[in-house]
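# Architecture at a glance
Here is how the chains run, residue by residue.
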Amino acid sequence: MQSTDPRLLTATDALEKLLTDLTPDPFDGLLRRDDAYTVVLAALRLLEASGHRRTTIGELHALSQAVPGGHVLGGHDRLMGFLEQAAAHGRIRLDLGQVHIGTAPTGGGPGHVWMRRLTQGGAAVELIGAEPWPVGTHTHDEAKAWWYCTGCRHGLGQAGAMYVYAIRQQVTRHAAACAYLPPLPDPH
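Model, not experiment: these values are computed from the prediction.

The tally for this structure, following the rule as stated, stands at two aromatic pairs. Ring geometry for tyrosine 37 and phenylalanine 82: centres 6.4 Å apart, planes at 35°, overall tilted. Of this pair, tyrosine 37 sits in helix H2 (residues 33–49) while phenylalanine 82 sits in helix H4 (residues 76–88); the two residues are 45 residues apart in sequence, bridging distant segments of the chain. Comparing tyrosine 37 with phenylalanine 82 shows no difference in burial state: the two are buried. For the ring pair tyrosine 163 and tyrosine 165, a centre distance of 6.3 Å and an interplane angle of 5° mean the geometry is stacked.

This next bit is on the packing of helix H3 (residues 57–66) against H4. Viewed as axis vectors pointing N to C, H3 and H4 meet at an angle of 115°, and their least axial separation amounts to 10 Å. Note on packing geometry: the crossing formed by H3 with H4 is right-handed. Where H3 abuts H4, its residues Ile57, Leu60 and His61 lie against His76, Leu79, Met80 and Leu83. Partitioned by chemical class, the residues of the contact of H3 with H4 number five nonpolar, two polar and no charged.

A word on the sheet that holds strand S3 (residues 98–101). Judged by pairing direction, the sheet is antiparallel, and its three strands sit side by side in the order S1-S3-S2 without closing on themselves. At either margin of the open sheet sits one strand with a lone partner, and together these are strand S1 (54–56) and strand S2 (92–95). Taking each pair of neighbouring strands and ignoring which way they run, the sheet shows an average axis angle of 25°. The pairing of S1 with S3 spans three bridges and is classified as antiparallel. Within S3, the position partnered with threonine 56 by the bridge is glutamine 98. Packing against the sheet, H4 makes contact with S2 and S3, and its axis sits at approximately 120° to S2.

The next subject is the confidence of the model for the chain. Averaged over all residues, the pLDDT of the chain is 80; the fraction at 70 or higher stands at 80%. Here helix H1 (residues 6–20) stands out as the element of the chain with the lowest mean pLDDT, 74, in contrast to helix H5 (residues 164–177), whose mean of 92 is the highest. Counting interchain partners and residues more than four positions distant, the pLDDT-below-50 stretch residues 104–109 has 10 contacts.

Right, let's get into empty space enclosed by the protein. Inspection of every chain in the model, using the stated rule, returns two cavities of 30 Å³ or more. Of all elements in the fold, only H2, H3 and H4 reach the threshold of two or more residues within the lining of the largest cavity. If you tally residues by element for the lining of the largest cavity, the top one is H2, at four residues. Each pocket or cavity is described by its volume, and for the second largest cavity that value is around 30 Å³.

All right, on to the pattern of salt bridges then. Under the defined criterion, the tally for this structure stands at three salt bridges. Residue glutamate 126 is joined to arginine 116 by a salt bridge in which the shortest nitrogen-to-oxygen separation is 3.3 Å. Here glutamate 126 is found in strand S5 (residues 124–129), whereas its partner arginine 116 is found in strand S4 (residues 112–118), with 10 residues between them in sequence. Residue glutamate 126 is classed as buried on the basis of its relative accessible area of 2%. Look at arginine 116 and you get partly exposed, because its relative accessible area is 28%.

With that out of the way, let us pick up the nonpolar core. Ranked by internal contacts, the top residues of the largest apolar core, which has 28 residues, are Leu44, Leu83, Ile92 and Val99. For this core, the element with the highest residue contribution is H2, accounting for nine residues. When sequence neighbours within four positions are dropped, the list of residues in contact with leucine 44 reads Leu60, Leu83, Ala86, Ile92, Val99 and Ile101. Grouped together as the second largest cluster of nonpolar side chains are 14 residues, Trp114, Leu127, Trp147 and Ala175 included.

About the criteria used
Residues numbered from 1 in each chain as written. Predicted model: local features only at pLDDT ≥ 70, side-chain atom pairs only at ≥ 80, totals over all residues. Heavy atoms only, no water. Phe/Tyr/Trp six-rings, centres within 6.5 Å; stacked < 30°, edge-to-face > 60°. Helix = DSSP H or I, 4+ residues; strand = E, 2+ residues; numbered from the N terminus. Buried < 20%, exposed > 50% of the residue type's maximum accessible area, 1.4 Å probe, protein only. Axes fitted to C-alpha atoms, helices over the stretch in contact; angles between N-to-C directions. Left-handed = near helix turned anticlockwise from the far one by under 90°. Contact = heavy atoms within 4.5 Å. Nonpolar A, V, L, I, M, F, W, Y, C, P; charged D, E, K, R; others polar. Pairing = 2+ DSSP bridges. pLDDT = per-residue confidence, 0-100. 1 Å grid on protein atoms, 1.4 Å probe; cavity = no way out; pocket = protein on both sides within 12 Å on 5 of 7 lines; lining within 4 Å. Points joined across faces, edges and corners; volume = space filled by probe spheres on them. Salt bridge = Lys/Arg side-chain N within 4 Å of Asp/Glu carboxyl O. Core = buried A, V, L, I, M, F, W, Y, C linked by side-chain atoms within 4.5 Å.

In structure tokens, the structure reads:
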């Protein structure tokens, strides 16, 4: 992301306006969690509208700090919590320090996350399918899927895709046995 992009400058202006309409907590100077999460979602929508479908956690943090008044969102760890919440709500996909905005990466990316289980250490084990999960419906057990652990980086790649019910069992077993922590954020 380049800060000289006029579409991104417009997004920064819109975030600044949104921040001025919200009142930080007088005790810690930060926005309430719901308000801050709303701002993070707005930032993601603005980035997507400006043509940015992929960014990094570090770039989002830098953007939040560059917006006048953006300090009220909090630090890197707080932003990471909001991004994990957005990922759990299906608005983004976190993948090795990358933030894919929307339901999945563009350009034939690694797939769509259908399910997540946490390891003993807190890393996500993702059940992934080639197509988006049909909203409000149950996918057929014959649908093919694969899995990947963001902690130990073990998994079954797309080439080894199997039926959902088999992959779901593998994800559950791996999450129960793996003690790896979540990956560290990309420092760049």
